[in-house]
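Fold and contact review
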Amino acid sequence: MDILNINMAEHGGRTDDDNGGMNMIDFSANVSPFGTPDGVRQALENAARDAHIYPDPSCRRLRGAISDAYGIPAEWILCGNGASDLIWRIALASSRKSFYRGRAALIVAPTFSEYENALKACGRVNIKRYNLNLDADFYIRSDFLNWITGDVDLIFLCQPNNPTGMPVRMDLARRILNRCRETGTRLIWDECFLDFMDSPENYTLLDALSSEPNLIILRAFTKFYGMAGARLGYAFCSDENYLNNLIGPPWSVSRLAQEAGIAALRDLNYTRNLRDYISRERSRLYRGLKLLNFRVIPGTANFLLFQSPVYLDQFLYQNGIFIRNCGNFKNLNAFWYRIAVRTEQENNRLLDALREAVGTLAENRI
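We now turn to the structure provided with this report.

Each value, and the rule that gives it
Residues numbered from 1 in each chain as written. Predicted model: local features only at pLDDT ≥ 70, side-chain atom pairs only at ≥ 80, totals over all residues. Heavy atoms only, no water. Core = buried A, V, L, I, M, F, W, Y, C linked by side-chain atoms within 4.5 Å. Buried < 20%, exposed > 50% of the residue type's maximum accessible area, 1.4 Å probe, protein only. Contact = heavy atoms within 4.5 Å. Helix = DSSP H or I, 4+ residues; strand = E, 2+ residues; numbered from the N terminus. Pairing = 2+ DSSP bridges. Axes fitted to C-alpha atoms, helices over the stretch in contact; angles between N-to-C directions.

Some details on the nonpolar core
Ranked by internal contacts, the top residues of the largest apolar core, which has 92 residues, are F144, I176, L187, W189 and I323. Non-local contacts of L187, meaning those with residues more than four positions away in its chain, are made with I155, L157, I176, L177, C180, L205, N214, L215 and I216. Formed by 24 residues, the second largest nonpolar core is a distinct cluster that contains I87, Y115, C122 and L243.

Here it is as structure tokens:
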């Protein structure tokens, strides 16, 4: 087995390898360390009794629950089989001549690879890439505005970004929106990791939906509510005609996922407790990584990006730990790693293994 390729997969998350029976800990997938909330698990079990019945293709009850939770009209909400499903629908819609007109799509680097994958698969080969600068801790700088020109019809931005964990500063976000309005550019604003931030209400663009029909906000239950296996995401957009053009397969959201999403929105205690926990453990992991002399990006989500002086993949794998090697992200190399915030015990085990790795692998320094 090529150990390095274990963590060079397109996305994090390992379910098919127990390393010879060893109890593996997966830090590569950025999913809630609390697991699926009890109420959501119960909703899944209850819905399973009706698994023989087709789901509502319009997700009316779920959209109503989301509408009530955020104060957004249900007509402005589209649900999908995870946020990735919606990303691919957007890419497909943007490739049709009525939307495309031969213009370019703009993404940053590094960022979530599915934006570019979907665009290319749907025939969008004209992709511009804005490289984030390590010297600025991978923040998007104001010169990004110069990239939003009349030949750009689509922009994907992740708030906060994956894998860096860094948010777009909101003064710049508003300027980006203004620029998109001037150029007729659609802004796909991905908030799938927003709920992990300490003050997510200060970093959202939900308040701009009514005045910005070219704004599409993506969110998901996948990461925050530990529903990666259930697959549930949703999009907000005030341009109802545009939402109706984001076509996909029928019944893409199962009955089980719809009921799970409704239950998740009711569990406010889970939300508060998880957000407080992530804040504490992220800070502790950050300090631990810095003490090991890693270059650590001060991320704001439930994961951290860091640069190691040594290759860590094989050593950690042999010690029962998966982390995400970020060498296949544009603008990064194989010495960059992303780790999720997991339980306190698991985080301690990771830090102990990293201390041992740094000493053991010193001869492989870059």
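Let's pick the thread back up.
Here's the deal with the pairing of strand β7 (residues 215–220)
For β7, the tally of buried residues reaches six of six residues, placing the bulk of the element in the interior. Alternating positions in β7 separate into two faces, L215, I217 and R219 on one and I216, L218 and A220 on the other, with burial throughout. Alignment of strand β6 (residues 186–190) against β7, held across four bridges, turns out to be parallel. Opposite W189, over in β7, you have I217 as the bridge partner. Where β7 meets strand β8 (residues 233–236), four bridges bridge the pair, whose relative direction is antiparallel. Directly across from A220, in β8, lies its bridge partner G233.

Topic: the sheet that holds strand β2 (residues 77–80)
With mixed pairing, the seven strands of this open sheet are ordered in space as β2-β8-β7-β6-β5-β3-β4. Because the sheet does not close on itself, it has two edges, and the strands there are β2 and β4 (127–131). Taking the axes of each pair of neighbouring strands and ignoring which way they run, one obtains an average angle of 20 degrees across the sheet. With four bridges joining them, β2 and β8 adopt antiparallel strand pairing. Bridged to L78 within β8 is A235. Strand contacts of helix α7 (residues 170–183): β5 (152–158), β6 and β7, with the helix running at about 150 degrees to β6, the strand carrying the most contacts.

Some details on helix α6 (residues 114–121)
Three or more residues of α6 are buried, namely E114, Y115, E116, A118 and L119. Trailing α6 by a residue or two, G123 shows a phi angle of about 90 degrees, which is positive.

Side note on the environment of I72
Secondary-structure assignment places I72 in the loop between α3 (60–70) and β2. Between the C-alpha atom of I72 and that of F236, which follows or precedes it by 164 residues, the distance is 8.0 Å. Not counting residues up to four positions away in its chain, the partners in contact with I72 are S67, I77, L206, L209 and F236.

Quick word on unusual backbone geometry
With omega at -5 degrees, the peptide bond leading from Q159 into P160 counts as cis. Mapping P160 onto the fold places it in the loop between β5 and α7. That bond from N162 to P163 is cis: its omega, 25 degrees, falls within 30 degrees of zero. Mapped onto the fold, P163 is located in the loop between β5 and α7. Phi at F138 takes a positive value of approximately 65 degrees, unusual for a residue other than glycine. Positive phi, normally seen in glycine, also occurs at N331, with a value near 80 degrees. Look at N331 and you get partly exposed, because its relative accessible area is 36%.

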